[in-house]
Amino acid sequence: MPRSVISISYADGAGGPEIAKLVAERLGFKYADGGIIVAAAQNEKMFPEALSLAESRHAGRRIEVDFNRSESTESLRALIREAVVAAADEGDVVISAHAASFALTGRDDVLRVLVTASDDTRLRRFTEQDGADAKTASKRLNESDKGRAAYLKRFYGISNEVPTHYDLMINTDSLSSDEAVDVIVGAAK
């Protein structure tokens, strides 16, 4: 069955955003990432930064969303999940943010993809991209992984991410970005 929504989750340093953009381009789909937050905030007449803060592990119980108005952090997180679903409902979209694979669980029109790579490959890419030394890059990579795990726990109650959460896993240790795109596009069709 052809898929009209491709959700691409990724570990930092694995090449996920680049691959997601290329998949969208190849399929002629829209590409959605952090803009989902901006659109949702504008629809609700609140600061995009406030909605974005709801994704942070440092968010309190309530967040000021505009002048003299605050909302519970959980209601803002629900709004983000709803915005992901709304983007998917439009179809012909590649979503690369907000753990969309989990927000869209159970939908037949979604191909849920995880782009990953070994820690060594991810560390090498971090040092190449930012010019950081190995120790700094390793620390950033570790923080990124902890943040991703905490996000999945806060938003979706996922304590342990496993391969069966996805329809397709792409390892960029052995596949180039172009090869990964070919595999994803083939699976989507």
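Residues numbered from 1 in each chain as written. Predicted model: local features only at pLDDT ≥ 70, side-chain atom pairs only at ≥ 80, totals over all residues. Heavy atoms only, no water.

Participant: Describe the pairing of strand β6 (residues 110-116), with residues and values.
Facilitator: Across the seven residues of β6, six count as buried, placing the element largely inside the fold. With six bridges joining them, strand β1 (residues 5-10) and β6 adopt parallel strand pairing. Within β6, the residue paired with Tyr10 across the bridge is Val115. Pairing geometry for β6 and strand β7 (residues 168-171), over four bridges, is parallel. Opposite Leu114, over in β7, you have Met169 as the bridge partner. (Buried < 20%, exposed > 50% of the residue type's maximum accessible area, 1.4 Å probe, protein only. Helix = DSSP H or I, 4+ residues; strand = E, 2+ residues; numbered from the N terminus. Pairing = 2+ DSSP bridges.)

Participant: Please set out the pairing of β1 residue by residue, giving values where relevant.
Facilitator: Of all six residues making up β1, five are buried, and the element is well covered by its neighbours. Sheet analysis places β1 next to strand β5 (residues 93-95), joined by three bridges and oriented parallel. Looking at β5, one finds that Ser7 is bridged to Ile95.

Participant: So what's going on with the packing of aromatic side chains? Residues and values would help.
Facilitator: Counted under the stated rule, the structure contains four aromatic pairs. Each ring, one from Phe102 and one from Tyr166, has its centre 6.0 Å from the other, and the planes form 80°; the classification is edge-to-face. With Phe102 in helix α5 (residues 100-103) and Tyr166 in the loop between α7 (134-156) and β7, this pair connects stretches of sequence that are 64 residues apart. Side by side, Phe102 and Tyr166 carry an identical accessibility label, which is buried. (Phe/Tyr/Trp six-rings, centres within 6.5 Å; stacked < 30°, edge-to-face > 60°.)

Participant: How would you summarise the nonpolar core if you had to cite specific residues and measurements?
Facilitator: The biggest cluster of nonpolar side chains holds 33 residues, and the ones touching the most others in it are Leu51, Ile95, Leu104 and Tyr156. Among the elements that take part in this core, helix α4 (residues 73-90) stands out by supplying seven residues, more than any other. Counting residues in each nonpolar core, the second largest holds 20 residues, with Ile19, Val113, Val185 and Ala188 among its members. (Core = buried A, V, L, I, M, F, W, Y, C linked by side-chain atoms within 4.5 Å.)

Participant: Got a sec to walk through the pattern of salt bridges? Specific residues and values, please.
Facilitator: Summed over the entire model, instances satisfying the criterion amount to nine salt bridges. For Asp182, the salt bridge is made with Arg26, and the minimal N-O distance between the two is 2.8 Å. Taken as a pair, Asp182 in helix α8 (residues 177-188) and Arg26 in helix α1 (residues 16-27) lie far apart in primary sequence, 156 residues in all. Exposure remark for Asp182: the relative accessible area of 43% places this residue in the partly exposed category. One salt bridge in this structure joins Arg107 and Asp89, with 2.7 Å as the shortest N-O distance. One end of the pair, Arg107, is in the loop between α5 and β6; the other, Asp89, is in helix α4, and 18 residues separate them in sequence. What makes Arg107 partly exposed here is its relative accessible area of 24%. (Salt bridge = Lys/Arg side-chain N within 4 Å of Asp/Glu carboxyl O.)

Note that all results are geometric; they support no functional claim without further evidence.
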